[in-house]
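Geometric and topological summary
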Amino acid sequence: MNNHNPANIPSMQGGQKFVRDITTRNPVTVSAGLTLALAAERMEILRISCLLIEDAGKIIGILTERDMIRALNRKIPVSQTVDAVMTRGVICIKEAEELHSAYQRMVLHGVRHLLVTDAEGKPTGIVTETDFRKNYSIERFVGALNIAGVMTQEYLGMRGDNSAMEASVEMQRLNIGCVVVLEQRKPIGIVTERDMVRLFRLQKLESRLADVMSGPVHSVTQDMLLVDAVAAMQALNIRRFVVVDESGCMVGILNEHDIVGHLEGEYIDMLQLLVVKQAQKLNDDRFRAVVNHLPHKIMVKDTASVYVSCNESYARDLNIRPEDIEGRTDFDFFPREFAERYRADDRKVMSEQVTISIEEPYIREGEQHWIHTTKAPLLDSDCNVNGVVVIFHDVTERKRTNEQLKRRSWALEALRCSGRALVFSETEADLLQAVCDAITQQDMYVLAWFGWARRNETRSVEIIAGSGAARDYIDGLNVSWADDKFGNGPAGRAIRFGRTTVCNKLLESSDFSPWRQKAENF
């Protein structure tokens, strides 16, 4: 497994940029009568993700890697011609338009390729997400989040004994560009859409993933800075990294779409306007056609917080079909406390006609996650509120990483202050008090105290230093290390057995009963 470090890449000059600045010129064009086998061979040899389809001198469609995957999943023979599976009608953009407009168009239509035309409408090239990523200045990523805040946590992992055909079906169902082969949660290989095109041409779709995967896997850790990951991606000329934790287990994937979307500062605002515009028409077919391809979870509720519609990404979380959500409420899917919180936010948005963005807990597959949610009122043509639009995405890994960084920062600062106290404290009591102060100064803990185990008749613990917001808790506290009710708390057991004691739910522990009432005041 290749784990990558920063690379030195020259940056582009800043300033306003236009579509023509990043256009790939002379795109490959083939006739509509070309066989799928020859089309796949051409894409493989040239290492390109699409072919433009021409008929009578006009561009009539586009054949992408995902079109190929749909063809192989439908078991269309490779002798069939490309016009049977191509996407008809190509989304175009003028070369004189700004880059931001091109990205908006990609999001709106759920595509990764745009045909670039001149002022007269004649094709001059093509733009892909790869072109966006390659042409961004590395300096634009400086100060950005680490990978955990940008990566996609929804990935497709399979065993090596699964077939390529099984993987292809799942890739299409989840709208995902690759499958990562895992062994005990650790990535050992990868099969991409490009690999699937090759397997389709060679008719090797029944092969085991272990026999056709590429390896070693290019991976990065989730605490790596985004600027370093992008530099490495450009140096290696790849489109994605597998993201692993400290033990090498897969936790997500970082692809071009994540990177380009992160740099488009108005992406969420644009997405919100798009969703609201379509939702206002309350046309389920059109609404789903627009939002189903988006990775964000998107839904519409009426004024009573009853679901009207949602996209496939949200429906997958709930293990239902999108059409089955109509008429149901949050109480059908979430614990009562979560559902009531969601509905309270809905009421605020509708009553005050405001848009809110919040981070809140969310249950998926029985586990709690954290999500960043944007809620906006749904207005009719007379500006009357008739519902709420909700857009959210998972930020659990980002919060976890930020918490880890916060703890590391706290630990380093506590060690620094404790080191100074060791040098400058005049008495033992001063030293111990300074250590307690260092532990609690960033409010990581509400209380830190130090006590001596006395070898008297009651085996009492004498508290001689303490600090924190709950400092008053230890005043008059009766603690011992004897095997009695006052010695079976965390401190008493730690002294008696000579080992660290951890209790994450102290108030719920029966051994803590002598101190529970006092502790509840803090």
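Criteria and thresholds
Residues numbered from 1 in each chain as written. Predicted model: local features only at pLDDT ≥ 70, side-chain atom pairs only at ≥ 80, totals over all residues. Heavy atoms only, no water. Phe/Tyr/Trp six-rings, centres within 6.5 Å; stacked < 30°, edge-to-face > 60°. Helix = DSSP H or I, 4+ residues; strand = E, 2+ residues; numbered from the N terminus. Buried < 20%, exposed > 50% of the residue type's maximum accessible area, 1.4 Å probe, protein only. Lys NZ or Arg CZ within 6 Å of the ring centre and 35° of its normal. 1 Å grid on protein atoms, 1.4 Å probe; cavity = no way out; pocket = protein on both sides within 12 Å on 5 of 7 lines; lining within 4 Å. Points joined across faces, edges and corners; volume = space filled by probe spheres on them. Nonpolar A, V, L, I, M, F, W, Y, C, P; charged D, E, K, R; others polar. Pairing = 2+ DSSP bridges. Axes fitted to C-alpha atoms, helices over the stretch in contact; angles between N-to-C directions. Polar contact = N/O pair within 3.5 Å; in protein donor to acceptor, adjacent residues only side chain to side chain. Contact = heavy atoms within 4.5 Å. Salt bridge = Lys/Arg side-chain N within 4 Å of Asp/Glu carboxyl O. Expected span 1.5 Å × (residues − 1). Arc of directions from axis to C-beta.

**Remarks on the packing of aromatic side chains**
What describes a pair of aromatic rings is the distance from one ring centre to the other and the angle between the planes of the rings. The tally for this structure, following the rule as stated, stands at 13 aromatic pairs. Judged by centre distance (5.5 Å) and plane angle (50°), the ring pair of phenylalanine 334 and tyrosine 362 falls under tilted. Here tyrosine 362 lies in strand S18 (residues 356-364) and phenylalanine 334 lies in the loop between helix H13 (312-318) and helix H14 (336-352), a separation of 28 residues in the sequence. Accessibility expressed as a relative area gives 7% for phenylalanine 334, which makes it buried. When its relative accessible area of 3% is taken as the criterion, tyrosine 362 is described as buried. The interplanar angle of 45° and the centroid separation of 5.6 Å between the aromatic rings of phenylalanine 512 and tryptophan 515 together place this pair among those described as tilted. Comparing phenylalanine 512 with tryptophan 515, the two get one shared label, buried. Cluster of aromatic residues (ring-pair linked, three or more members): Tyr307, Tyr314, Phe333, Phe334, Phe338, Tyr342, Tyr362 and Phe392. If you follow arginine 459 out to its NZ or CZ, it ends over the ring of tryptophan 481, 4.6 Å from the centre. For the cation-ring pair, lysine 518 lies above tyrosine 473, with the distance from its terminal atom to the ring centre recorded as 5.9 Å.

**A word on the layout of surface pockets**
Each pocket or cavity is described by its volume, and for the second largest pocket that value is around 1100 Å³. As for the second largest pocket, its lining consists of 34 residues, of which Leu447, Ala448, Trp449, Pro490 and Leu506 are closest to the centre. Broken down by secondary-structure element, the contributors of at least two residues to the lining of the second largest pocket are helix H16 (428-440), strand S21 (448-453), helix H17 (490-497) and helix H18 (513-519). For the lining of the second largest pocket, the residue count by class is 27 nonpolar, seven polar and no charged.

**Concerning the sheet that holds S18**
The five strands are arranged S17-S16-S20-S19-S18 in an open sheet whose pairing can be described as antiparallel. The open sheet terminates on both sides in strands that have one partner only, identified here as strand S17 (307-310) and S18. Going from strand to strand, the sheet's axes swing by 30° on average, the running direction of each strand aside. In this sheet, strand S20 (residues 385-394) lies alongside strand S16 (residues 297-301) in antiparallel orientation, the contact comprising five bridges.

**Topic: empty space enclosed by the protein**
In the structure shown here, the tally under the stated rule is three cavities of 30 Å³ or more. Size it by volume and the largest cavity reaches roughly 90 Å³. As for the largest cavity, its lining consists of 14 residues, of which Met299, Tyr342, Glu360, Val390 and Phe392 are closest to the centre. Listing elements by their share of the lining of the largest cavity, those giving two or more residues are S16, S18, strand S19 (367-379) and S20. Ranked by residue count, the leading element in the lining of the largest cavity is S19, at three residues. A breakdown of the residues in the lining of the largest cavity according to their chemical character gives nine nonpolar, one polar and four charged.

**Considerations on the side chain of asparagine 488**
Position of asparagine 488 relative to the elements: it lies in the loop between strand S22 (461-467) and H17. Looking at asparagine 488, its side chain comes within polar contact range of the main-chain oxygen of aspartate 484, at 3.1 Å. Of the polar contacts made by the side chain of asparagine 488, one reaches the side chain of arginine 496; its length is 2.7 Å. Those residues in contact with asparagine 488 that sit more than four places away from it in its chain are Ala482, Asp483, Arg493, Arg496 and Asp511.

**A look at the side chain of threonine 64**
Along the polypeptide, threonine 64 turns up in strand S5 (residues 58-64). Filtering out sequence-adjacent residues up to four positions away, threonine 64 remains in contact with Met43, Ser49, Cys50 and His113.

**Some remarks on the pattern of salt bridges**
Counting across every chain of the model gives 25 salt bridges. For lysine 297, the salt bridge identified is with glutamate 154, shortest N-O distance 2.2 Å. Here lysine 297, found in strand S16, pairs with glutamate 154, found in the loop between helix H5 (129-135) and strand S10 (157-158); they are 143 residues apart in sequence, far enough to count as distant. Take lysine 297: its relative accessible area is 4%, and that puts it in the buried class. With its nearest N and O atoms 3.6 Å apart, the salt bridge here joins aspartate 317 to lysine 297. With aspartate 317 in helix H13 and lysine 297 in strand S16, this residue pair connects regions lying 20 residues apart in the sequence. Note on accessibility: aspartate 317 and lysine 297 belong to one class, buried.

**Some remarks on the pairing of S5**
Direction of pairing for strand S4 (residues 50-55) relative to S5: antiparallel, over a ladder of six bridges. When the bridges of S5 are listed, cysteine 50 appears paired with threonine 64. Hairpin connection of S4 to S5: two residues between the antiparallel strands, including alanine 56 at a positive phi of 55°. Note: S5 against strand S6 (residues 87-88), two bridges, orientation antiparallel. Bridge pairing links isoleucine 62 to threonine 87 in S6.

**Examining H14**
Compared with an ideal rise of 1.5 Å per residue, which puts 17 residues at 24 Å, H14 spans 24 Å between its outermost C-alpha atoms and is within 8% of the ideal. Those residues of H14 that fall on the buried side of the exposure criterion are Phe338, Ala339, Tyr342, Asp345, Asp346, Val349 and Met350. Buried residues along H14 cover an arc of 130° about the axis, so they all sit on one side. Seen from the buried face of H14, the exposed residues on the opposite side, beyond 90 degrees, are Arg336, Glu337, Arg347 and Ser351.

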